Each structure stands twice: as structure tokens, then as C-alpha cells.
Amino acid sequence: MYVRLDERYRVTLTLNGRERSAYAEPRTQLCDFLRHSLGATGTHVGCEHGVCGACTVMVDGRATRSCLMLAVQVEGRRVETIESLAKEGELNDLQRAFREHHALQCGFCTAGILMSCHEFLGRVTDPSEAEVRDMLSGHLCRCTGYTGIVQAVLAVARARQNNRQETP
Amino acid sequence: MKPAAFDYYRPTTRREAIEQLVERGEDARIIAGGQSLMAVLNMRLSQPRVLIDISGVDELRYIERRDGYLAVGAATTQAELAEYAALADEVPLLAQMLPWIGHFQTRNRGTVCGSIAHADPSAELPLCLATLGGEVVLETKRGKPRRVTGDDFFQGILTTARRPHELITEVRFPLSKAGHRYRFQEVAMRHGDFAIVALAVDIGETEYHLGVGGVADRPVVRRIPRDVDLDDALNTLAWSLEAQDDIHASATYRRHLVREMGRRLMTEEIVQEETADVRPAR
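Note that the structure is predicted; figures quoted are calculated from it, not measured. (Residues numbered from 1 in each chain as written. Chains lettered and ligands numbered in written order. Predicted model: local features only at pLDDT ≥ 70, side-chain atom pairs only at ≥ 80, totals over all residues.)

Enquirer: Honestly, the UniProt feature "domain: FAD-binding PCMH-type" (unreviewed entry) in chain B in this entry has me stumped. Any pointers?
Expert: Sequence positions flagged by UniProt for "domain: FAD-binding PCMH-type" (unreviewed entry) are, in local numbering, residues 1-178 of chain B. In the segment residues 1-178 of chain B, helix accounts for 31% and strand for 24%; the C-alpha atoms at its two ends are 50 Å apart. (UniProt positions renumbered as here; feature names shortened; annotations may be inferred. Helix = DSSP H or I, 4+ residues; strand = E, 2+ residues; numbered from the N terminus.)

Here it is, written out as C-alpha cells:
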């Protein structure tokens, strides 16, 4: 695959379970492609050099900075964004916990944090507080602080554990 | 910011990648995970004419035990290495150090070879390679692959011994030696940030190999016999690094960390307790 700098390449991917495609130049960042070409504006763009974590999405099931990836690199891949969490207009348990524990104020960083938490809780079912804080170290929140976020993640982990025990 | 325009090439074989690199030379940059290079491109600190993306070259995605080394291919991510089950036995220093590289979100895409190719003086993987005496394997169109030791490979800030037509295809970390112990520790503003000082040590029967990152313009490794006065040796080492003041730390503080962390690490006052609640490789 060779795309010249002035060409536009038709990128086909699975976005939140649906096959989508749109044109991108080689230099187009994944975050801009999602927002401007695919209309998935839930992903926010912060620092554009991989420090703040606001643009985090999942690529093939792994949390990834979408400002540090090119649109052409997701050809044939599976991308999940914040839009994938709520089902039929209902917030999922993680999103509800963020609301209950005051884990957001302005919400700019929240979309990215939720995607990291989503991957993390899929892998680590009984996290310690230190592990949650380590996972959050890849994100910057400048208004709420992290205490509410940590409580929300721990509450979801506990609730999911209990659910598993009730339905063997 | 947004990157300047470039051509994008995604080869599927090592041969295709090398041929393009040889043809385009210094106009080309190799991208694998992009966790350092994309930031550089976004800020337009580098403006290559063509980006050669080796992340789809499956033959460069491997972790293999071979000839006393653990060999890691150029497309292998830091997360894949962290998940390699035998890592804590085969190269314990790597297993201890991997959770300190960036954040899990960047380890998911960042590659082992990419971090070494980038050669940030405060990065953990170059420090690990230099401390253990590992090697970088460079290939071009003709001739045998060139093997360069970590000591010779790192030449300064973001500067390496790689020639414009060479592709880093593999790095090799020596397997752990019987009777040796390995320790890693770093101080940063926030876990996952660039190290203010990072130290790695290979504790052998007669000598220490102590590696220091984050202070000089490249990782610095010293052999220190076990029977010398440790405080003297560490003080001499700390002053030899020509530490600089910057916004993160003063030169005095960096020298203090080299002496103090060095002594604790080498006399094993620091074991794993300090990071025990952050389980590695998760």
C-alpha cells in the first residue's frame, strides 16, 4: 500500500460494530478522521502529542491515543469510541458510576478516560486503588481531580464481581 | 498541531521495507508504533517525505530465545513483551522495567525497537539494553546484518549509530545469568513520565554493572567492583555525568539521586516492595 502525500485513500474500518469508510490523506490523524470524516465527535482532541489522553479510543480492543495514530493505519481494523459504551440510549454501568461519584465536571477528558477504564476493567477484575491510579496516570483531568474517578472505577469493579458471584 | 504532508508506505515484508528505505534514504522515516515519532511529526520537528510503516510486517513481530539472547523483532510492541510469560525468568530487568515505560495506553502500540531507535536519554529501554550489554541488529539491502552493542549504538540525544539506509530489525537482550540479580528504579514527576533519574543494575558475584538514564545525553554504564567503597564510586559516577539543571530538577538533585538511589539499589534496600501494589504486566 503506497499513498502519495496529495492522494486521498479510502479507509475502511469497523467503527463501534459497523463497517464504515471515508477518505483520508496520509497525514490525517485518527482523531480528526473520527470526528470530521466519520462524525464520531465523542472523541476529544487535547494536546495532540500523546500526553493528555483525552483522545483515547480502542483499536483492536486496546486503548490507544488517537492523536498518535494515522487514519490510514486503521484500515481493516476495529475501532471503538465512547459512542460504543451506551446501549440504546442507556448509559452503561461505568458511565453511571462516573455520574454517581462526581467523576467529571467539564467532561473534556472523560471520553478518553472512560475508554481506558473500559479496557482496564476488561483485563483486571479486582484492581487495587494503586492499580487504578497507575492506569489513570496516562490521563490528565484539570477540573475534577482523580478521587471521584478512582472511586467510580473501584465501585464498578466491585459491582461486576458481585454480579458474577450471583449468576454462576 | 498537524504533521506536514508525507507519502505513506505500508510494506508487508522486511525486504519491501528495506528496499524503500534504501531508495529514499534520509527522506524516509520508519514508523512502527509511532508513540514517539507521531508526537515529533505532529509538532513538525521532523518532516520526512515518506513514512514507512513496518507495523504490518508480520515477520518482524516475534520474541525468541536464541544464542543466549532474547531477541525482539522490530514490530513487537512493549505490551506484547510485557505479556511474554517467561520474561521475569529470562530477562528479569526488562520485566521490572516495562511497567515504567509511558502508560499502558502507549505501551499498547509503542514498540521495543522503536524506543531504542528514538534514543531519548531518559527512556527506559535504551538504559536496559546498555546495562545488560545487549545488541541492536541493523539490516540493509546488501551484506550481512550489522550488530552494534548498546554502548556503541547510543551516541547522544536522539542520535544513534544507525546509518540512513539501515533498518533496525531486532534488538537482543542477554538472558539472565545464574547468580546475578537485577534491579531497576526511577524517579519521575508522575509515574509514566520521563525519568528525572533512572537506574538499572546487574549485580554479579564480583562486580556491579550500573546504568544511569535521564542525566547524561545517553545511558551511561559503569562497572563497579563489589569490593570498592560504594559511596566513593557512586559520587565519582554522579559527578562524571555532567548533570544539567532543567525545569524538572537541578543538577544537584540529580547527583543526589544517583548516589542515594544507587546505594539503595545496589545494597538491595530497594527490593520490589515499593512497586509491589502495582502488579507488572497488567
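There is more to say after this.
Enquirer: Can you help me understand the domain arrangement of chain A in this one?
Expert: Quoted interface sizes are often the accessible area lost when the parts come together. Residue and element names in this part refer to chain A. One can read the domain layout of chain A as domain 1 (9-84) and domain 2 (93-166). Here the C-alpha centroids of domain 1 and domain 2 sit 22 Å apart. At the interface, 13 residues of domain 1 touch 12 residues of domain 2. Elements with a contribution of two residues or more to the side of domain 1 that touches domain 2: strand E4 (56-59) and strand E5 (62-65). Tallying contributions element by element places E4 first for the side of domain 1 that touches domain 2, with three residues. Looking at side-chain class alone, the side of domain 1 that touches domain 2 contains seven nonpolar, five polar and one charged residues. (Domains from an automatic or database assignment. Contact = placed C-beta atoms within 7 Å. Nonpolar A, V, L, I, M, F, W, Y, C, P; charged D, E, K, R; others polar.)

Enquirer: Please explain the packing of helix H2 (residues 93-100) of chain A against helix H3 (residues 110-123) of chain A as it appears in this structure.
Expert: The description of two helices packed together rests on the angle between their axes and the distance between the axes. All names here are of chain A. In the contact formed by H2 and H3, the axes pass within 11 Å of each other and the chain directions differ by 125°. Relative to H3, the element H2 lies oblique. Viewed along their axes, H2 and H3 form a crossing whose handedness is right-handed. On H3, the residues that touch Leu-94, Gln-95 and Phe-98 of H2 are Thr-110, Leu-114, Cys-117 and His-118. Of the residues assigned to the contact of H2 with H3, the class counts are four nonpolar, three polar and no charged. (Axes fitted to C-alpha atoms, helices over the stretch in contact; angles between N-to-C directions. Parallel < 35°, antiparallel > 145°, perpendicular 65-115°, else oblique. Left-handed = near helix turned anticlockwise from the far one by under 90°.)

Enquirer: It is not clear to me how the domain arrangement of chain B should be interpreted in this structure. Could you clarify?
Expert: Residues and elements named next belong to chain B. Domain boundaries assigned for chain B yield domain 1 (7-56), domain 2 (58-174) and domain 3 (181-269). For domain 2 and domain 3, the distance between their C-alpha centres works out to 21 Å. Of the residues lining the interface, 22 residues belong to domain 2; the matching set on domain 3 comes to 18 residues. For the side of domain 2 that touches domain 3, the leading source of residues is helix H8 (residues 124-132), giving seven residues. Looking at the side of domain 2 that touches domain 3 residue by residue, the classes come out as 13 nonpolar, seven polar and two charged.

Enquirer: In this structure, what is going on with the interface of chain A and chain B? I would like to understand it.
Expert: Opposite the 32 residues of chain A that make contact, chain B presents 29 residues. When contributions to the side of chain A that touches chain B are tallied by element, the ones reaching two or more residues are strand E1 (2-3), E5, H3 and helix H4 (129-136) of chain A. Broken down by class, the residue content of the side of chain A that touches chain B amounts to 13 nonpolar, 11 polar and eight charged. Sheet topology note: the E1(A)/strand E1 (residues 7-9) of chain B ladder contains two bridges and is antiparallel. In the strand pairing of E1(B), A:Tyr2 is matched with B:Tyr9. (Pairing = 2+ DSSP bridges.)

Enquirer: Is there a simple way to think about helix H1 (residues 14-24) of chain B in this case?
Expert: Residues and elements named next belong to chain B. Considered for burial, the residues of H1 that qualify are Ala-17, Ile-18 and Leu-21. One face of H1 carries all of its buried residues, which in axial projection span an arc of 95°. Considering only its buried residues, H1 is in contact with strand E2 (28-31), strand E3 (50-53), strand E6 (135-139) and strand E10 (167-174). (Buried ≥ 20, exposed ≤ 12 C-beta atoms within 10 Å, placed from the backbone. Arc of directions from axis to C-beta.)

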